[in-house]
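Spelled out from the first residue to the last, the chains are:
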Amino acid sequence: MSKLVLHLPDGTTLDVPLDRERMTIGRRADNEICLPNLAVSGEHAVVVTILADSFLEDLGSTNGTLVNGKRIAKHFLRDRDEIDIGRHTLVYCADDNAVLEPAIAKGMARVAERNSGGRVEVAKPPGRGQREMAVAADDSGAARSTAPAAIARDPSAAAAEATLPPTPFVTALVKPVAWIKLLTGADAGALVPLTKAETTIGRPGVQVAAIVKSSSSFILRRVEGPHAPVVNKQAISDSGTELANGDLIEIAGRTIEFVAANAARADPDVARESAGASTTAESAAPTP
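Values in this document were obtained by computation on a predicted structure and should not be read as measured data.

Participant: I'd love a proper account of the pattern of salt bridges, names of residues and values included.
Facilitator: Tallied over the entire structure, the rule returns 6 salt bridges. Residue Arg-80 is joined to Asp-79 by a salt bridge in which the shortest nitrogen-to-oxygen separation is 3.6 Å. Residue class for Asp-79 comes out partly exposed when judged on its relative accessible area of 44%. Salt-bridge contacts for Lys-233 lead to Glu-250; the nearest nitrogen and oxygen are separated by 3.2 Å. Taken as a pair, Lys-233 in the loop between strand E18 (230–231) and strand E19 (234–235) and Glu-250 in strand E21 (residues 248–251) lie far apart in primary sequence, 17 residues in all.

Participant: Describe in detail the sheet that holds strand E1 (residues 3–7), supporting the description with residues and values.
Facilitator: What links the strands of a sheet is backbone hydrogen bonding, and the strands pair in either a parallel or an antiparallel sense. As summarised here, the arrangement of the 6 strands in space is E2-E1-E11-E10-E7-E8, forming an open sheet in which the pairing is antiparallel. Strands with a single pairing partner mark the edges of an open sheet, and in this sheet they are strand E2 (13–17) and strand E8 (70–72). Ignoring strand direction, the axes of neighbouring strands in this sheet form an average angle of 30°. Direction of pairing for E1 relative to strand E11 (residues 88–93): antiparallel, over a ladder of 4 bridges. Within E11, the position partnered with Leu-4 by the bridge is Tyr-92.

Participant: So what's going on with the packing of aromatic side chains? Which residues, and what values?
Facilitator: In the structure shown here, the tally under the stated rule is 2 aromatic pairs. For the pair Phe-218 and Phe-258, a centre-to-centre distance of 5.6 Å together with 55° between the ring planes defines the contact as tilted. Taken together, the positions of Phe-218 in strand E17 (residues 218–224) and Phe-258 in strand E22 (residues 254–260) put the pair 40 residues apart, joining distant regions of the chain. Sitting over the ring of Phe-55, Lys-74 keeps its end group 5.9 Å from the ring centre.

Participant: So what's going on with the nonpolar core? Residues and values would help.
Facilitator: Among soluble globular proteins, nonpolar side chains are generally buried collectively. The biggest cluster of nonpolar side chains holds 21 residues, and the ones touching the most others in it are Ile-180, Ile-201, Ile-211, Leu-220, Ile-249, Ile-256 and Phe-258. Those elements giving two or more residues to this core turn out to be strand E13 (178–182), strand E16 (207–213), E17, E21 and E22.

Participant: Which residues make up the sheet that holds E16, and what are the values?
Facilitator: Across the sheet, 4 strands lie side by side as E15-E16-E17-E20; this open sheet has antiparallel pairing. Of all strands in the sheet, those bounded by a partner on one side alone are strand E15 (198–203) and strand E20 (241–242). As paired strands, E16 and E17 are joined by 6 bridges and run antiparallel to one another. Counterpart to Ile-211 in the pairing with E17 is Leu-220.

Participant: Give a detailed account of the layout of surface pockets, specifying residues and quantitative values.
Facilitator: For the largest pocket, the calculated volume is near 370 Å³. Contributing to the lining of the largest pocket are 29 residues, with Met-1, Ser-2, Thr-49, Leu-51 and Ala-52 lying nearest its centre. Those elements that provide at least two residues to the lining of the largest pocket are strand E6 (53–58), E13, strand E14 (191–193) and E15. In terms of residue count, the dominant contributor to the lining of the largest pocket is E15 (3 residues).

Participant: Now, about empty space enclosed by the protein: what can you tell me, with residues and values included?
Facilitator: Tallied over the entire structure, the rule returns 2 cavities of 30 Å³ or more. As for the second largest cavity, its lining consists of Ile-50, Leu-51, Asp-53, Gly-202, Arg-203, Ala-252 and Arg-254. Residue composition of the lining of the second largest cavity, by class: 3 nonpolar, 1 polar and 3 charged.

Rules of the game
Positions within a chain are numbered from 1, following the residues in the order the chain's sequence is written. Selection of residues for local features in this predicted model requires a pLDDT of at least 70, selection of side-chain atom pairs for listing and counting requires 80 or more, and totals for whole chains, interfaces and linings are taken over all residues. Excluding hydrogens and water, the side-chain figures rest on all heavy atoms present in the structure. Take a side-chain nitrogen of Lys or Arg and a carboxyl oxygen of Asp or Glu: if they are within 4 Å of each other, that pair is a salt bridge. To sort residues, take the accessible area from a 1.4 Å probe on protein chains only and compare it with the maximum for the residue type: under 20% means buried, over 50% means exposed, and anything in between is partly exposed. Counting from the N terminus, the helices are the DSSP runs of H or I reaching at least four residues and the strands are the DSSP runs of E reaching at least two. Two strands qualify as a pair provided that DSSP identifies no fewer than 2 bridges between them. Only the stretch in contact is used when fitting a helix axis, every axis being a line fitted to C-alpha atoms; angles between N-to-C directions are given from 0 to 180 degrees. Ring geometry is summarised as follows: Phe, Tyr and Trp rings, the Trp one being its six-membered ring, pair when their centres sit within 6.5 Å, and such pairs are stacked at plane angles under 30 degrees, edge-to-face over 60 and tilted between the two. A ring has a charge above it when a Lys NZ or an Arg CZ is no more than 6 Å from the ring centre and no more than 35 degrees off the ring normal. Among the buried residues, those of types Ala, Val, Leu, Ile, Met, Phe, Trp, Tyr and Cys that are joined through side-chain atoms within 4.5 Å form a nonpolar core. Throughout, the protein atoms alone are placed on a 1 Å grid, and a set of points is a cavity if a 1.4 Å probe fits but cannot get out or a pocket if it is open with protein on both sides within 12 Å along at least five of seven lines; lining residues have an atom within 4 Å of a point. Grid points are joined across faces, edges and corners, and a volume is the space filled by probe spheres set on the points. In this classification, Asp, Glu, Lys and Arg are treated as charged, Ala, Val, Leu, Ile, Met, Phe, Trp, Tyr, Cys and Pro as nonpolar, and every other residue, Gly included, as polar.

Structure, rendered in structure tokens:
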């Protein structure tokens, strides 16, 4: 499973597992990743993950989203991509067990030091008759930051800042009740928790399906592609197929195993991952 590594103001880091299909990043506290800084828009960017592939998309933010120093609109994330949002830096890691090398950590510190002397626009709320104006970047690609006087001239932004939590935080993660386990491909063995009402699997433009969670079951339904996904060597029906523990799903050239919650203890990988998710949820919850 992939993750984002968020560097906190005190010099420590916070690992954010990308175990949801959609995770928003922004200044508002209702984002999955909250970055309480005036240079960050209320809903600044989003990371969309389908199995092992993650895409970062800017959501029309005031100051833009930088990847490796370059402004992006939508970007396919690659291992160790450095993401700059406002005054915050995150690193994408394709492996959730990866540890950043000292060279990367030092590089991120230099970026933070460079940005602290720059200028960025105060992120303004949308819906005032025109799109938010993007800030110009200097030759090094760093966004330029606002002087304190400019912040004081924007009472609505100052009021928004007053309601923010004091430090970045990640909303508590929901403990999964089922998983899918990747059996083929470069990331074979990776686990994806099914915490949402609907989880998309497959490859866009090739073959896509959705695992839909109901009160007591999970249903695999076809979304797009010339052929229906296969479960245990049989194509799923038009209305979908209810998944049972151990079912093998074949989609977009990959094989995936469905693992129900009551079977988690029998699979050491799933049991270990489930315990880790619970710990992450407790540690990531915002402090009162």
